[in-house]
Structures are given as structure tokens and as C-alpha cells.
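Coordinate analysis (summary)
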Amino acid sequence: MPLTAIVALAGITYGFRLVGPLCRDRVTLPPAAQRLFTDGATVLLIALAATSALTAGHGFAGWARPAGAGVAAVLAARRAPFPVIVLAAACTTALLRLAGLP
Amino acid sequence: MRSLWRTTESALLRDVALVCLADALVGAAFGATSVAGGLPWWVPVAMSLLVFAGGSQIAAVGVVLSGGSPLAAVAAGAVLNARLLPYGLAVADVIEPAVVEPAVVEPAVVEPADVGRRVGRRWLTRLIGAHVVTDESVAFALRQADPARRRAAFWMCGLTLFVAWNVAVVLGVLAGSLIKNTNAFGLDAAFPAVLIALALPALADRRPRLAAGTGAVIAVALTPVLPAGLPVLAALGGLATDWRPRRPLARRRLTRRRLTRRRLTRRERTVPRRDDAVLAPSQTEQPIGER
């Protein structure tokens, strides 16, 4: 990831943040647009989770990683603490690999 | 009264500390997975300082680590951070220095240099405050009742989080660089786990759940055919599920109304077409930059 990409993302992000404080009396967002922004964030996060759990390159990632992510999803749905979720996912995958699963 | 103030204050402190701790763990995981995935140490560190938005940092690094182009990474991060725009609007009045105007006693006494300094300070406050607009600081600010406490909560959470996040990322980078064979430790599974934990609270509602589920299917299905990074962006097509229940309904109602109107005008041409006047403004209104 080149520095220019980081700076570009930083600039765009800061721009989003600055609109409110700069033009607080001139800009109002319709509720539909607000909803679209927050839902867009959720969609991206979940899509990224799904692709990074299931795929490597253009193919299937093997069974160990999706299994770990699945454990994470179940724990997250049960409102487990964050460290437990991440550690359980990593341990599940590591143990499955130890057992010979790719 | 005084003790009540103190207890709410310490409750706020405790909540901010807990949130910072939770985010620090995310930051450490981010730093560790980025370095373990093969990125140089300064990438997560620079991102945390300059971008300072956890979800987008993780997403951008994820796109790059999966072989995507930096452009796709920036696009994914930018889409994730678009939500900061409404956040900034929501706390715009909070990101102002506490005005202790001594009323307008003697306007003649106010020197130009003094005014300039005050304006300069206001701008500095805005520019710094904007950088610490995050899910957390906005949530804490908006939970407070009066303006002074909103301001205090925003700055307390924003600045503490900035320090905690960046320190945690550095620690994560150090830890991640110690691990050589990341796959044996299952660190590649930690990445989707972090994302799931981040997104899960938003999935409580049916609407984002449907959109996210559809998006995930789109992204996974397109991964074999599209260049890396693009499938995730294509997942935004899942947002179309948001509109499906409403749009056809509205269109149906509109066409039905149009049909009745046509029938009416055919029968008796004298009927005034009131519907046009009623429909037009509601469809054309609601621009973003409205004054």
C-alpha cells in the first residue's frame, strides 16, 4: 500500500469529517441518504468479512479459515467480548490446520 | 446535586475508558494482521495517525492484502467513511470552543488582534475536532443532555481514543512482526473475525442485515471473475434491497393515480389536474445542499 494511497484515503476521510463543522448551517442530509451511508458501511464490512473468510486469490481458501470465521460469527451473535471472538477464530483455524485441514 | 454531577462524570469516564480499551484491542489486531500479512510497519502506523477510522483502515488493508489495487482499497475505505459526513453534521455545534462571551459590554474595547486570535482559535478547534469525529466520540457526545457536557464528552472520548488507538496499533505491529508463520497461528482467520465483530451491532435491524447478506453473496460470487478488491465494492449492490419494498409500491401508486387521472380526463376534460401540483414539489425537493 503506497503512501499516496494512504494520504488519499486520509484526505477523503478528513473531507467527510470536515463538512459538518464547516457548513453546519448550510447542509442538511435527507434521512434516506444518512441511512444509505450507514448501511453502505455495514454492507462493505460484511462483504469483506465474507470474501476474506472464504476466498484466497480467486479461489476457495480451504476449510480451516471459514470455520474460524464461523466460530467468530456465532460468538459475536452471542455478544462475546471482542478478544474472545478474535482469539477463538484464530485458535479454531490454527487447530484445524494442525489436524491437517488446509 | 454536586455528588450527582460527580457520579455521572465518573460514569462517563468509565464508559470512555471501556470503549477505548475495546478499540485498542481492535487496533492491536489491525496492526498485527497488517504486518503479519506482509505490509511494512509504517503502513498501519501512518494510516492510524492520518486516517484514524478503524473500519476503513482494516478494509483498505484487507483489500490490498488480498491482492487488490490501492485504488480499490481507497475506494472501499472512502465508502466506509462516508458515514462520517452525517456524524460531523450531528456534532457540528459541539466542535466549537466553549464561548465565554462576556456579553457585549464595551464593544469599543475589543481589539482587532483579539478578535483575530479568537477566530483563529475557533478554526483550530474545528480542524482538530473534525479529525476525532468517530462513531464513538459522536455517540458519547449525543448521549449527553446539555451542550457543555456534550462538548466535554466529545473531546474526552475523541482525544483519548486517538491516543489509545495509535498506541495499540504500534503495539500490534510489534507483536505481529514477531510472528513468522501467520497461517499456522490462524491469524488469517482473525481478520474476518474482527470485521464480523465490528459489523454485528448494525445487523440487529432487518434492513441492513438483508443488504449485507445480499452484498456478501455478490462479493463471494464475483471473486473468481473480478480483479481483487472489486468484488467487495460490487457488494454495495446489496443496498438495492433497501429500496425494493418501497419503490415498486410508490411506482404502483403513481401509475394507478396516473391511470385514474387519464380515465377522468378522457371522461370529462373539465376536471382540473390537481394531482400534478400535489406531486411535483415532493418529487423534486430534498437536495443535499439546501439553504
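Residues numbered from 1 in each chain as written. Chains lettered and ligands numbered in written order. Predicted model: local features only at pLDDT ≥ 70, side-chain atom pairs only at ≥ 80, totals over all residues.

Examining the interface of chain B and chain A
Contacts between chain B and chain A engage 87 residues on the former and 67 residues on the latter. With 13 residues, helix α9 (residues 187–199) of chain B is the largest single contributor of residues to the side of chain B that touches chain A. Classifying every residue of the side of chain B that touches chain A gives 62 nonpolar, 17 polar and eight charged. (Contact = placed C-beta atoms within 7 Å. Helix = DSSP H or I, 4+ residues; strand = E, 2+ residues; numbered from the N terminus. Nonpolar A, V, L, I, M, F, W, Y, C, P; charged D, E, K, R; others polar.)

Some details on unusual backbone geometry
Residues and elements named next belong to chain A. Despite not being glycine, Arg 79 shows a phi value in the positive range, around 60°. As for its placement among the helices and strands, Arg 79 is situated in the loop between α3 (64–77) and α4 (82–98). Look at Arg 79 and you get exposed, because 9 C-beta atoms sit within 10 Å. (Buried ≥ 20, exposed ≤ 12 C-beta atoms within 10 Å, placed from the backbone.)

Observations regarding the environment of Ala 49 of chain A
When you line up the elements, Ala 49 of chain A lands in helix α2 (residues 31–54). On the neighbour-count criterion, Ala 49 of chain A (30 C-beta atoms within 10 Å) is buried. In the structure, Ala 49 of chain A is positioned 48 residues away from Met 1 of chain A in sequence and 20 Å away in space, judged by C-alpha atoms. Among all residues touching Ala 49 of chain A, those that are not within four sequence positions of it are Ala 69 of chain A together with Pro 192, Leu 195, Ile 196 and Ala 199 of chain B.

What to know about the packing of helix α2 (residues 42–50) of chain B against helix α8 (residues 147–178) of chain B
Two quantities define a packed helix pair, namely the angle between the helix axes and the distance between the axes. All names here are of chain B. Viewed as axis vectors pointing N to C, α2 and α8 meet at an angle of 175°, and their least axial separation amounts to 9 Å. As the angle between them shows, α2 and α8 are arranged roughly antiparallel. Contact with α2, carried on its side by Pro 44, Val 45, Ser 48 and Leu 49, involves Trp 165, Asn 166, Val 169, Val 170 and Val 173 of α8 and no other residues of that element. (Axes fitted to C-alpha atoms, helices over the stretch in contact; angles between N-to-C directions. Parallel < 35°, antiparallel > 145°, perpendicular 65-115°, else oblique.)

Regarding the environment of Gly 70 of chain A
Among the structural elements, Gly 70 of chain A can be located in helix α3. For the pair formed by Gly 70 of chain A and Ala 89 of chain A, sequence separation is 19 residues and the distance between their alpha carbons is 7.8 Å.

Focus on the packing of helix α3 (residues 54–65) of chain B against helix α4 (residues 70–81) of chain B
All names here are of chain B. Where α3 contacts α4, the axes come no closer than 8 Å and their chain directions differ by 160°. Overall, the two elements α3 and α4 adopt an arrangement that is roughly antiparallel. In terms of crossing hand, the pair formed by α3 and α4 is right-handed. Only Pro 70, Ala 72, Ala 73, Val 74, Ala 76, Gly 77, Leu 80 and Asn 81 of α4 make contact with α3, whose side of the interface consists of Gly 55, Ser 56, Ala 59, Ala 60, Val 63 and Val 64. (Left-handed = near helix turned anticlockwise from the far one by under 90°.)

A closer look at the domain arrangement of chain B
Residues and elements named next belong to chain B. Each assigned domain of chain B is listed with its residue range as follows: domain 1 (2–204) and domain 2 (205–269). Facing 13 residues of domain 1, the contacting portion of domain 2 comprises 10 residues. Looking at the side of domain 1 that touches domain 2 element by element, the count peaks at five residues for α4. Its residues assigned to classes, the side of domain 1 that touches domain 2 comprises nine nonpolar, four polar and no charged. (Domains from an automatic or database assignment.)

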